[in-house]
Amino acid sequence: MSSGSECNGVKTNGYFNGNGHPEDLKIAIIGQSNFAAEVLEVLLEHHHIVVGVFTIADKGSREDILATTARQLNIPVFKISAWRRKGVPIPEVLEKYKSVGANLNVLPFCSQFIPMEVIDGAKFGSICYHPSILPRHRGASAISWTLIEGDDTAGFSIFWADDGLDTGPILLQRQCPVYGDDTLDTLYKRFLYPEGVTAMVEAVNMIADGTAPKITQTEIGATYDPALFREENQFIDLNQSAERIFNFIRGLDSVPGALAVIIGDDGSECPVRLHGASLCGPAMLDNAKRVNFKGSAGPAFVDRDGIFITASDGQLVKVKRVKKGSKMIQASQWFTQAGKKVIPLELNAREVEMEEILKGIWKSILKVEIEAETDFFACGAGSMDVVRLVEEVKDALEIPLENENLFMAPSFQEFLNEVISRTRNGTSQESSGPDYESVVLRENKKTISVPVQMFVNGRFIDAENKKTLDIINPTTEQVICKVAAASASDVDYAIRCAHDAFKGVWSQVSARERGQMMYKLADLMEQYKEELATIESVDSGAVYTLALKTHVGMSIDAWRYYAGWTDKIEGSTIPVNPAKPNNVLTFTKREPVGVCGLITPWNYPLMMLSWKMAACIAAGNTVVIKPAQVCPLTALKFAELSVKAGFPPGVINVVTGAGSVTGQAISEHPLVRKLGFTGSTPIGKKIMASCAESNIKKCSMELGGKSPLIIFADCDMDKAVRLGMSSVFFNKGENCIAAGRLFVEHKIHDEFVRKVVKNIKTMTIGDPLNRGTAHGPQNHKAHMDKLVEYCQIGVKEGAKLVYGGKRVPNMKGWFFEPTVFTNVQDHMFIAKEESFGPIMVVSKFHSSDFDALVQRANATEYGLASGVFTNDIRKAMLFADKVEAGTVFVNTYNKTDVAAPFGGFKQSGFGKDLGQEALNEYLKTKCVTIEY
């Protein structure tokens, strides 16, 4: 094998003319595409002389990007429709070529047959780029055949052109491994394009330096493969092994796509192209619908994961996307989306400007007038045009976009809808959201459409076997609707979608882009706050004014607060002892955990979702959330808004259902790496056990509470009464940090109780949507019944029932009277156990023994919150020091803020919601040490 060069003149620092002076290369570029255009630009950067560009003729009014680039660089451009006629070179074309005086031809990518009079017409010859490791895969479809044949290694060759088909001597070669998930597109983008441009310029440099070898190709292992631009060669044989089917599909992915034929029930044949293939193990296809492929070895099925094709070896190949005509759809939607009509969105002034920008980009690429129905691919666009369009749109509008978005929306109207849906900032129309089955609420002088299906991978879908559960209005005791009841397999599907999104599209979204999406979502929640508060009132019984201010208002605050954190999550550098004489750099990285499972309670449906999910998303995770079984509607409406905000499919998933099924499936799933739970301590223990037994998940728990509130005689009495009542009766007592036990100094005990009862009697109990209502219904009947039993135990044990203790008489709905107990002793059930309802439990204390008081306050396994009212700062600070609780309120209560960490001690749980600390719950720390 020769490593020298066969060049004119002696091997020195360059080529020489007959007078012994260095001769400059005069390059003619022959070819087309972005690849050739970039080779041209880089050659010029290396100060080479390009004397002419020969490219294909315009397609209609649309010229190739190589011609456009050359004209901008003031290089002569010749557009050649054909170099030969009836096998003979066309004289006038040859004259055009000779007119530039080229002494080296560079063919980066050329689809035309170039005559030997041109190939040999340059003094220093012609070099070609070929995307395979020659002599393997000679021919026009080398990249595809590398994948189709299952090669372990891919690469490219730059060779000296001769009169054979890719048979000339090799100048240089480069290679790379083929990964299991590679497609034609990924292989080209990852290696063949960027490294190919660099290598073409390197080859020209070697020629200029006189160091370019000419290594004769061997015929050992040579293959000649059919051209896949011919449609007859694009048909896939489905009567072969799964691996062969998989390799054929990925070899033609994304352009043109493997061609197959689906046979309809009426015998009609529908040609389709298959994309996004993967090999898969046994799949649960119990609810899948049969689809018939012409010539297949076995049955094929459509389910929510895609189309599953049975190969000749009995194994399955999963196909994620199908192209029918020019329209790409998710394979899982074959029976629902194949003929769906495109509905234009209503645009605001800013979006109209965006439409004009997009039209300009489309027109610059396609060179045609752009109408709503203009099809990108029907106008002759190719794969490199796709890359150009996507990159130009990303630059112009600063939105995350992938090639797949264009394949799924090939007409201008579809593409415009896709782009607008990603940039909505709170002014989107209802029609721009996803399709779903809904219940229409006509409440609060509003008509509100609410999804009733679970939300997975960007779509609202039914549960397995269309199983549902009833949602009851606690005010009327009537069924509002039926919502999907997810099974364990439904949860598995949602988690796998979240996992795919985490590894795929979500990993490509920058931290700042995440923050922008979160701000958009917060803006949408602000826009729809009255609708969300209304849903919360109807679904959970929350008083509307409180829902508007707290349930929804604090949810919006949480999303905005954590949106600001997305690009401020940082690691640190750490000084360590090096192994001299070497140096060491050690630093940490904060990384997202992965798929996070969230299980939230029924007392603050939207707020608990937001407290946890906002931090989770800000950290870069994807999420599967199970809202409370009895009130999931705000979570489903929130899911709709997440689509309008532009969150990619799979990032946010909402699975509704029973805790024993849906929640359990989340807690024990091996792909979930973090679980956040708010609920009772007994359920929290079970979830922790599942987390440990499955895969030792990271978990955070906000559990039960029995928060003590101390009221000293030196307090501001009116304030203590007002906030003491709020500490118990806020949100109907369905409040995790509610004061479960009030310790009131004996000097003011009777006065305090008297004032509380007087104020209770003025409270308006009734319809939570009524603006004057102060106390709404309990969330669900089982809870109300539990409160009745709780009070009966208190009376039985000897506590004094001063007020309430029963269901509100003669009133429809699950209304429970605000209740006050006194003379409560420390050993009693109601002194130790949480009611989670509007029940004030009052005990006396004597101020002479402060330590005994603190001991009584701490005599519980709970430690969520606490409070003290006193004008003596010393007593307040001592109490704050000694009480065993995650939150301490001094002369206030329920004063939470999204910037302040929230969480408990002991059996009230561990981990934090809110504040910077909550981010730690959804991050992992990686330590990197480099020796140099």
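Residues numbered from 1 in each chain as written. Predicted model: local features only at pLDDT ≥ 70, side-chain atom pairs only at ≥ 80, totals over all residues. Heavy atoms only, no water.

### Considering the overall build of the chain
This is how it is decided: Elements are defined by DSSP. Helices are runs of H or I of four residues or more, strands are runs of E of two residues or more, and each kind is numbered from the N terminus. Exposure classes here rest on a 1.4 Å probe applied to the protein chains alone. A residue is buried below 20% of its type maximum, exposed above 50%, and partly exposed in between. Contacts are assigned to residue pairs that have any heavy atoms within 4.5 Å of one another. The Shrake-Rupley method, run with a 1.4 Å probe, gives the accessible areas here. Residue values count only the displayed protein chains as cover. Counting rule for charge: Lys and Arg are taken as positive, Asp and Glu as negative, and neither His nor the chain ends is counted. To locate a charge, the coordinates of NZ of Lys, CZ of Arg, CG of Asp or CD of Glu are taken.
Within the chain, the regular secondary structure consists of 27 helices and 40 strands. Counting only C-alpha atoms and orienting by the principal axes, one finds that the chain spans roughly 115 × 80 × 55 Å. When each of the 932 residues of the chain is scored for burial, the buried share is 56%. A fraction of 70% describes how many contacts in the chain between residues 6 or more apart in sequence connect residues 24 or more apart. When the accessible surface of the chain is totalled, it reaches about 38,700 Å², and 50% of it is carbon and sulfur. Each charge class in the chain was averaged separately, 100 positive and 109 negative side chains, and the resulting centres sit 6 Å apart.

### Points about the sheet that holds strand 24 (residues 584-592)
For clarity, the threshold we go by: If DSSP finds at least two bridges between two strands, the strands pair.
Sheet architecture is open: three strands sit in the order 23-24-40, paired in antiparallel fashion. The sheet is open, and its two borders are formed by strand 23 (573-574) and strand 40 (923-931), each paired with just one other strand.

### Some thoughts on the packing of helix 25 (residues 850-858) against helix 26 (residues 873-882)
Geometrically, a packed helix pair is captured by the angle between its two axes and the distance between the axes. Test applied: Interaxial angles span 0 to 180 degrees and are taken between N-to-C directions of axes, which are lines fitted to C-alpha atoms, for helices over the stretch in contact. Geometric relationships in this document are graded by angle, where less than 35 degrees denotes roughly parallel, more than 145 denotes roughly antiparallel, 65 to 115 denotes roughly perpendicular, and other angles denote oblique. In this scheme, a crossing is called left-handed if the near helix is turned counterclockwise away from the far one by less than a right angle; it is called right-handed if the turn is clockwise. Lys, Arg, Asp and Glu make up the charged group, whereas Ala, Val, Leu, Ile, Met, Phe, Trp, Tyr, Cys and Pro make up the nonpolar group; the residues left over, Gly among them, are polar.
Two elements in contact, helix 25 and helix 26, have axes whose closest approach is 11 Å; the angle formed by their N-to-C orientations is 40°. In this view, helix 25 runs oblique relative to helix 26, as classed from their interaxial angle. Judged by the sense of rotation from one axis to the other, the crossing of helix 25 with helix 26 is right-handed. Contacts from F850, D851, V854, A857 and N858 in helix 25 reach K875, L878, F879 and K882 in helix 26. Its residues assigned to classes, the contact of helix 25 with helix 26 comprises five nonpolar, one polar and three charged.

### Some thoughts on a nonpolar patch on the surface
Heads up, the rule is: Nonpolar side chains (Val, Leu, Ile, Met, Phe, Trp, Tyr) within 5 Å and like charges within 9 Å form the patches, drawn only from residues with over 30% relative accessible area and no salt bridge. The salt bridge criterion pairs a side-chain nitrogen of Lys or Arg with a carboxyl oxygen of Asp or Glu, the two atoms within 4 Å.
The grouping of L585, I930 and Y932 at the surface amounts to a nonpolar patch, some 290 Å² of accessible area in total. Of note, L585 is situated in strand 24.

### Comments concerning unusual backbone geometry
Between L134 and the following residue, P135, the backbone shows a cis peptide bond with an omega angle of 15°. A cis amide bond, omega 15°, links K580 with the succeeding residue P581. Take P581: it is sitting in the loop between strand 23 and strand 24. Despite not being glycine, K86 has its phi angle at roughly 55°, a positive value. Residue position: K86 is located in the loop between strand 4 (84-85) and strand 5 (88-89). By relative accessible area, K86 is classed as exposed at 83%.

### Focus on the sheet that holds strand 7 (residues 126-130)
Strands sit in the order 3-2-1-6-7-8-9 across an open sheet of seven strands; the sheet is mixed. Both edges of this open sheet fall to strand 3 (77-80) and strand 9 (170-177), since each of them pairs with a single strand only. When strand polarity is set aside, the average angle formed by the axes of neighbouring strands in this sheet is 15°. Strand contacts of helix 3 (residues 91-99): strand 1 (26-30), strand 2 (49-56), strand 3 and strand 6 (104-107), with the helix running at about 160° to strand 3, the strand carrying the most contacts.

### Some words on the UniProt feature "active site" (unreviewed entry) in the chain
Under the convention used in this document: UniProt positions are given in the numbering used here, feature names are shortened, and annotations may be inferred rather than shown by experiment.
Per the UniProt record, the feature "active site" (unreviewed entry) sits at H130, E702 and C736. Taken along the chain, the residues just named run across 607 residues; in space they spread out, the farthest C-alpha pair reaching 67.2 Å. Along the chain, the position of H130 falls in strand 7. Ignoring anything within four residues of it in the chain, the contact list for H130 reads H137, R138, G139, A142, F156, S157, F159 and D166. Considering the arrangement of structural elements, one finds C736 in the loop between helix 21 (717-729) and strand 31 (739-745). Other than its neighbours up to four places away in sequence, C736 contacts N603, E702, G705, E834, F836, L864 and F902.

### Section: the UniProt feature "binding site: (6R)-10-formyltetrahydrofolate" (unreviewed entry) in the chain
Put simply, the rule reads: N or O atoms within 3.5 Å of each other form a polar contact, as long as, within protein, one can give a hydrogen and the other can take it, and as long as residues adjacent in sequence are counted only when both atoms are side-chain atoms.
In the numbering adopted here, UniProt assigns the feature "binding site: (6R)-10-formyltetrahydrofolate" (unreviewed entry) to Q112, F113, I114 and D166. Annotated residues spanning 55 residues; largest pairwise C-alpha distance 13.5 Å, indicating a single compact cluster. With respect to the helices and strands, Q112 occurs in the loop between strand 6 and helix 4 (116-119). Of the polar contacts made by the side chain of Q112, one reaches the backbone oxygen of I80; its length is 2.7 Å.

### Let's talk about the pattern of salt bridges
The tally for this structure, following the rule as stated, stands at 39 salt bridges. One salt bridge connects R807 with E477, and the closest N-O pair in it is separated by 2.8 Å. Remark: E477 occurs in the loop between strand 21 (468-473) and strand 22 (478-484) and R807 occurs in the loop between strand 32 (800-803) and strand 33 (819-822); sequence separation between them is 330 residues. A residue is classified by how much of its surface remains accessible, and E477, at 26% relative accessible area, is partly exposed. In this structure, K637 engages E640 in a salt bridge whose closest nitrogen and oxygen atoms are separated by 2.9 Å. Of the two residues, K637 and E640 are both situated in helix 18 (residues 633-644); the distance of three residues between them amounts to about one turn of the helix. Overall, K637 belongs to the buried group, its relative accessible area being 3%.

### Quick notes on the domain arrangement of the chain
Heads up, the rule is: Start and end points for every domain follow an automatic or database-based domain assignment. Buried area adds together the accessible area that both of two parts lose upon being put together, with accessible area traced by a 1.4 Å probe.
According to the domain assignment, the chain contains domain 1 (26-209), domain 2 (234-333), domain 3 (355-423), domain 4 (438-702) and domain 5 (708-903). Taking only C-alpha atoms into account, the centre of domain 1 sits 35 Å from that of domain 2. Listed as interface residues are 13 residues of domain 1 and, on the opposing side, ten residues of domain 2. Between domain 1 and domain 2, a total of about 880 Å² is buried, with carbon and sulfur atoms accounting for 46% of that surface. When the buried area of domain 1 at its contact with domain 2 is split by residue, L147, I148 and L184 rank highest and sum to 48% of it. Here E149 ties to R244 by a salt bridge, and the two come within 3.8 Å at their closest N and O atoms. Our count for the domain 1 to domain 2 interface comes out at seven residue pairs in polar contact (both at pLDDT 80 or more). Mapped onto the side of domain 1 that touches domain 2, the elements with two or more residues apiece are helix 5 (142-148) and helix 6 (184-209). With three residues, the top contributor of residues to the side of domain 1 that touches domain 2 is helix 5.

### Remarks on helix 25
Structurally, the α-helix is built with 3.6 residues per turn, so residues lying three or four positions apart point the same way. The cut-off we apply is this: It is the directions from the helix axis to the C-beta atoms that the arc portrays.
Taken together, the buried positions of helix 25 are F850, L853, V854, A857 and N858. Taken down its axis, helix 25 places every buried residue within 130° of arc, on the same side. Against strand 30 (707-711), strand 31, strand 34 (839-845), helix 26 and strand 38 (905-906) lie the buried residues of helix 25.

### Re the side chain of E355
For E355, the location among the structural elements is in helix 9 (residues 349-366). Buried charge without a partner: E355 forms no salt bridge, and the closest opposite charge is K359, 4.3 Å away. If we ignore the near neighbours within four places in the chain, the residues touching E355 are L347, F412 and L416.

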